[in-house]
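# Geometric and topological summary
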Amino acid sequence: MTTIHFEIQGMHCASCAITIEHALATKAGVKTANVNYALAKAEVEFDESQVDEHAIHQIVIDQGYRVKEHQSAMA
């Protein structure tokens, strides 16, 4: 499993965070997804054999938000 952390721009309320979190959590290969509206950050744990970091960022973009930056950390 790999865990990534990245910032999200464009969230206007807690509902935005829930929308992103749900979209991430339903992607095959994503084990956990936590989006914090107050910090504008996401933490996603995923299986690299099923999904990659680019695809995770694309999910956020497809929901209408922007990925500001990211830092990867192997778990």
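Report on the accompanying structure.

About the thresholds
Residues numbered from 1 in each chain as written. Predicted model: local features only at pLDDT ≥ 70, side-chain atom pairs only at ≥ 80, totals over all residues. Heavy atoms only, no water. Core = buried A, V, L, I, M, F, W, Y, C linked by side-chain atoms within 4.5 Å. Buried < 20%, exposed > 50% of the residue type's maximum accessible area, 1.4 Å probe, protein only. Helix = DSSP H or I, 4+ residues; strand = E, 2+ residues; numbered from the N terminus. Contact = heavy atoms within 4.5 Å. Pairing = 2+ DSSP bridges. Expected span 1.5 Å × (residues − 1). Arc of directions from axis to C-beta. Salt bridge = Lys/Arg side-chain N within 4 Å of Asp/Glu carboxyl O.

This paragraph deals with the nonpolar core. Nonpolar side chains in soluble globular proteins generally cluster together in the buried interior. With 20 residues, the main nonpolar core has Ile 8, Leu 24 and Val 44 as its most contacted residues. At the level of secondary structure, the elements contributing two or more residues to this core comprise strand E1 (2-9), helix H1 (14-25), strand E2 (30-36), strand E3 (41-46) and helix H2 (53-62). Discounting chain neighbours no more than four positions away, the residues touching Ile 8 are Ile 20, Val 35, Ala 40, Ala 42, Val 60, Tyr 65 and Arg 66.

A word on the pairing of E2. Of the strand pairs in this sheet, E2 and E3 are connected by six bridges, and their pairing is antiparallel. Bridge pairing in E3 places Val 30 opposite Phe 46. What sits between E2 and E3 in their antiparallel hairpin is a turn of four residues, with Ala 40 showing a positive phi close to 55 degrees.

This paragraph deals with unusual backbone geometry. If you check the backbone angles, Ala 40 has positive phi at about 55 degrees while not being a glycine. Along the chain, the position of Ala 40 falls in the loop between E2 and E3. Classification of Ala 40 by relative accessible area gives partly exposed; the value is 23%.

Quick look at H1 now. For H1, which comprises twelve residues, the first-to-last C-alpha distance of 16 Å matches the rise-based estimate of 16 Å (1.5 Å per residue) to within 8%. Each element contacted by the buried residues of H1 is listed here: E1, E2, E3 and H2.

With that out of the way, let us pick up H2. Inspection of H2 places Glu 53, Ile 56, His 57, Ile 59 and Val 60 among the buried residues, and these make up the whole buried set. The buried residues of H2 all sit within an arc of 150 degrees when viewed along its axis, so they share a single face. Relative to its buried face, H2 has exposed residues pointing more than 90 degrees away, namely His 54 and Asp 62.

Counted according to the given criterion, the structure contains one salt bridge. For Glu 7, the salt bridge identified is with Lys 68, shortest N-O distance 3.7 Å. Taken together, the positions of Glu 7 in strand E1 and Lys 68 in strand E4 (residues 66-74) put the pair 61 residues apart, joining distant regions of the chain. Residue Glu 7 is classed as partly exposed on the basis of its relative accessible area, which comes to 21%. You can call Lys 68 partly exposed: its relative accessible area is 47%.

With six bridges connecting them, E1 and E3 associate as antiparallel partners. If you follow His 5 over to E3, its bridge partner there is Glu 43.

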